[in-house]
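A closer look at the structure
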Amino acid sequence: MTRKFAFVISVFHVVHFAFAQLSYFYPTAGSMNAVIPTPEQFLGYAIGSHHTRHDKLVEYFKELDRLSDRVTVQVIGTTYEHRQQIAATFTSTSNHSRIEEIRANHLAGQNTGATESVPLVIHLGYNVHGNEPSSSEAAMLTAYYLTASESDETLKWLNEMVILMDPNINPDGRDRHSNWANMHKASPPVADPLDREHTEVWPGGRFNHYWFDLNRDWFLGIHPETRNRIRFFHLWRPYIQTDHHEMGSSSTFYFDPGKSSSNNPIVPEYLYNTIYPKFGEYYADAMNQLGSMYFTKEAFDKLYPGYGSSYINFYGGAGFLFEQGSSRGHVQETTTIPLTFAFTIRNQFAASLATIRASIVEKAQLLKMRREFFRAASEIARKSPIKGYVFGTDTDQSRLKDFIDLLLMHHVDVYELINSVTAGGERFERGRSFYVPTDQSNYIMVRSLFEKDITYTDSLFYDASTWSVIHAFGLPFAELRSPLQRGRQVTNYNVATKPVELSNYVYAFELTDYKAHNAIYQLQKGGAIVQTAFRPFTVQLPDGVKNFGYGSITVPVHLQRLSPDSLYRLINNVSVNSNITIHSIRTGYNAGGVDLGSTFIRTVKQPQAMMLVGQGVVPMEAGEIWHLLDQRIQMPITKLDILNFNRADLNRYNTIIMVSGNYTLLDTVAKGKLKAWVQHGGTLITIKTAAEWAIKNGFTKEKLLPADTIKPKIPLRFDFDDAINIEGAKALGGSIFAVDLDTTHPIGFGFTRRRISVYKNNQTFLQPSANPYNTVAKYASNPLIGGYLHPASLKKIRNAGSILVGNEGSGRVVFFADSPNFRGTWYSTNKLFLNALFFGSLITVPSVNEY
Ligand SMILES: [Zn+2]
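Reading the values: the criteria
- Residues numbered from 1 in each chain as written.
- Predicted model: local features only at pLDDT ≥ 70, side-chain atom pairs only at ≥ 80, totals over all residues.
- Heavy atoms only, no water.
- Pairing = 2+ DSSP bridges.
- Helix = DSSP H or I, 4+ residues; strand = E, 2+ residues; numbered from the N terminus.
- Axes fitted to C-alpha atoms, helices over the stretch in contact; angles between N-to-C directions.
- Donors = N, O, S within 2.8 Å, 3.2 Å for Na, K, Ca; no water.
- Tetrahedral: all angles 85-135°; square planar, octahedral: opposite > 155°, others 65-115°.
- Buried < 20%, exposed > 50% of the residue type's maximum accessible area, 1.4 Å probe, protein only.
- Phe/Tyr/Trp six-rings, centres within 6.5 Å; stacked < 30°, edge-to-face > 60°.
- Lys NZ or Arg CZ within 6 Å of the ring centre and 35° of its normal.
- Salt bridge = Lys/Arg side-chain N within 4 Å of Asp/Glu carboxyl O.
- Core = buried A, V, L, I, M, F, W, Y, C linked by side-chain atoms within 4.5 Å.
- Contact = heavy atoms within 4.5 Å.

**Let's talk about the sheet that holds strand β3 (residues 120-125)**
Pairing is mixed in the open sheet, where seven strands are placed in the order β1-β2-β4-β3-β5-β7-β6. Of all strands in the sheet, those with a lone pairing partner are β1 (71-78) and β6 (253-255), marking the two edges. In this sheet, adjacent strand axes meet at a mean angle of 20° when their direction is disregarded. Pairing geometry for strand β5 (residues 240-247) and strand β7 (residues 318-325), over eight bridges, is parallel. Of the residues in β7, the one forming a bridge with His245 is Glu323.

**Digging into the coordination of the zinc ion**
With distances of 2.0 to 2.6 Å, the protein atoms coordinating the zinc ion are His129 (ND1), Glu132 (OE), Glu132 (OE) and His245 (ND1). If you look at the zinc ion, its four donor atoms make angles of 55 to 157° with each other, and the shape they trace is irregular. Mapping the donors of the zinc ion onto the primary sequence gives the spacing H-x2-E-x112-H. Of the two residues, His129 and Glu132, both sit in the buried class.

**Some words on the packing of aromatic side chains**
Note on aromatic pairs: each is described by the distance of the centres and the angle between the planes. Counted by the stated rule, this structure contains 53 aromatic pairs. Cation over ring: Arg535 sits above Phe600, and NZ or CZ is 4.0 Å from the ring centre.

**With respect to the sheet that holds strand β14 (residues 433-437)**
Read across the open sheet, the four strands follow the order β11-β14-β10-β15; overall the sheet is antiparallel. Looking at the sheet topology across the chains shown, the edges are occupied by β11 (415-416) and β15 (477-480). Pairing analysis gives five bridges linking strand β10 (residues 388-392) to β14, with the strands arranged antiparallel. Paired with Val390 across the bridge in β14 is Tyr435.

**Some points on the pattern of salt bridges**
Enumeration over the complete set of coordinates arrives at 35 salt bridges. Linking Glu132 and Arg206 is a salt bridge whose minimum nitrogen-to-oxygen distance equals 3.5 Å. Of this pair, Glu132 sits in the loop between β3 and α6 (134-148) while Arg206 sits in the loop between α8 (171-184) and α9 (224-236), placing them 74 residues apart in sequence. For Glu132, a relative accessible area of 5% gives the class buried. Between Arg488 and Glu416 there is a salt bridge whose closest N-O contact spans 2.8 Å. With Arg488 in the loop between β15 and β16 (506-509) and Glu416 in strand β11, this pair connects stretches of sequence that are 72 residues apart.

**Remarks on the pairing of strand β31 (residues 801-808)**
The side chains of a regular strand alternate between both faces of the sheet. Where burial is concerned, most of β31 is hidden: eight out of the eight residues are buried. Sheet topology note: the strand β30 (residues 775-786)/β31 ladder contains three bridges and is antiparallel. Each residue of the ladder has a partner; that of Ala777, found in β31, is Ile803. Here β31 pairs with strand β32 (residues 811-816) via six bridges, running antiparallel.

**Focus: the nonpolar core**
Nonpolar side chains in soluble globular proteins tend to end up buried together. In terms of nonpolar packing, the biggest core is built from 219 residues, with Phe61, Phe90, Phe391, Phe450, Tyr663, Leu674 and Leu837 touching the most fellow members. Ignoring any residue separated from it by four or fewer positions in sequence, one finds Phe61 in contact with Val73, Ile86, Ala88, Phe90, Ala139, Met140, Ala143, Met165 and Pro167. Counting residues in each nonpolar core, the second largest holds eleven residues, with Val506, Phe548, Val594 and Leu596 among its members.

Structure (structure tokens):
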């Protein structure tokens, strides 16, 4: 059927309810341009009666662009699943004709807020969590309204504003959920909360393709959806950024201001004290008119810079969070009347118009906010004893590159060093180290990236309490008390590798680079036999003596099924693709350490890995591993659904991974099967609560720390209403701890220092192993590096192990108390996980002799 014909049919169908829809969503809209189709006219169903597929939403926006000079739609990227990310711009025809000039004038007034005569730029964002679908439907209603309305108010908005819109921040997740809701929709609809329509299967639509929460990714920029969006954000630097969500079905509606005690303490407070309460009045008005119930101030924080409603705060704008009680499906019972999808959409739509209305009326306040932000930021920078940061490494260019890319994504100014410097007891070499001065316009973001100790007035955290990414990357860095002279400004950083020379004996590379495991896997996949050094060695190379540390990789030329020529071609390709320098060695008789034919040089088995996924498993932790292996190692991993475990042939895997989850679906037969597989030589890698599960289910002799047995003599008694604060403060929401890592253990291979940082956001406390060689990492005696920690947790952490290996039969279980792959950002600890995956089968139990 042609589209034209479809349109005729749909107009015929919808005309009778188009009026009902208009009066429900736009009761006071007045005259609308009849040329512009309403969403329901275009889609052929009433908004709220169906979940709109992303491709249909994109088509609708493109249709508005085609029909109206008020709208342009651009594609800003594509998702992993090849869905288009679009950004729409709404402004008057004459503004559209000089849009680049407006953008330039707007940006020119950035730091001063001197943009009185420039149209006000704001950005509306929707549906970052795919199964919170009301807001993308509201985005279409808002787009229709801005395109079709002929009211004076709308014309004023279009003349005096540039309204940017991302109607669907998470297209892959939204479609996952929309298909679920649509495929189970009944007629008449079923409101029973336990109906299949309302109980989405694992992993649910909240996440993106790799099961990541995109509403944490604004700061980390791991995914293309985020990177494309942040590029667009910095093109425009809006004054306002909105972020629309949903919450539990029995909740009402939430808008900012949020909890004042959890405003970010390094963001100038003018923003929180003025803009949020003022805009709150507009949202309250909008909800009062609809008779919708709402709350403010009692929940949600703006501490972490990675939310859609907080990122902008670090650039002098105001981010607004909306949370609508969810119908999750088309209608659902609540503690009051049934909640319909249309009702949830209407609140989000009303809030969208209220944002636009508030922004233009309060324009003077917004300009003042921006002026005040940059004034206060530069004053704080001037008063701070820290004048800059220097960071760098000689041993891992891949990590250095990704960290610099992250800084540049956030528009942080980075400079080369003019001379090598020593700071904080570290040597930073010119060429491999870089300088970030605090005297720069994006100082507040600089601080967020480097600072670990921020003082909070509240001990209840919605999420992490620290996020210093320099620790996540594990790069050596130092704070500087006086500024350095700036070298050339860095606009990109390219990894330099030396071409590989042909060898007739051995090729070798160190394990220190982030991409070393990628190189190992590509070599194995290409058919090469790869070995790893359990003891260091020193080689005389043509250009000098080189030390190869624990875990260095050797590839002997004549112990291969490949010809020397084929091997050389493979080695070359891998070196180029992984950006790893691979050395040619001509003799096995080493200048120091073990020789290349030593028994300490052992063959690495190619990982045949499987990860349990499905009901009960924490999707984000599983997704972090899937993403790591797919995107960074280019290695396949089987994602085995727990429901299929009993019929799987485990012999085809040498490594099985279990992330946090409850695993109640694994029955006695399943547990027996898994134990037998470990006993026969398998490597079981367990993370956080999966480690607890393995211990409690008798997979190992290793133990958890015993629970505190000291009970107060007189039972404690508190007021009922204090429970949230007292109990919430005990949670370990996410802090950074120092551990001592055994770098001679295969899991510690490739680390150049024993003291590393780990991220802990859980209550898994492992008892150090009875075998003195099996506690691979143990928390330092003074472990807290950054973030909030309840005193009761500190005592436990001091006594606990962070990584243990239990040798069981011919196999082994690896226990990670903390996730080494947190949010795709913990580059430093990823290596621990990858070592367990690649070298697990080489870990044997050292025998312990009694004295
Ligand atoms: Zn949400």
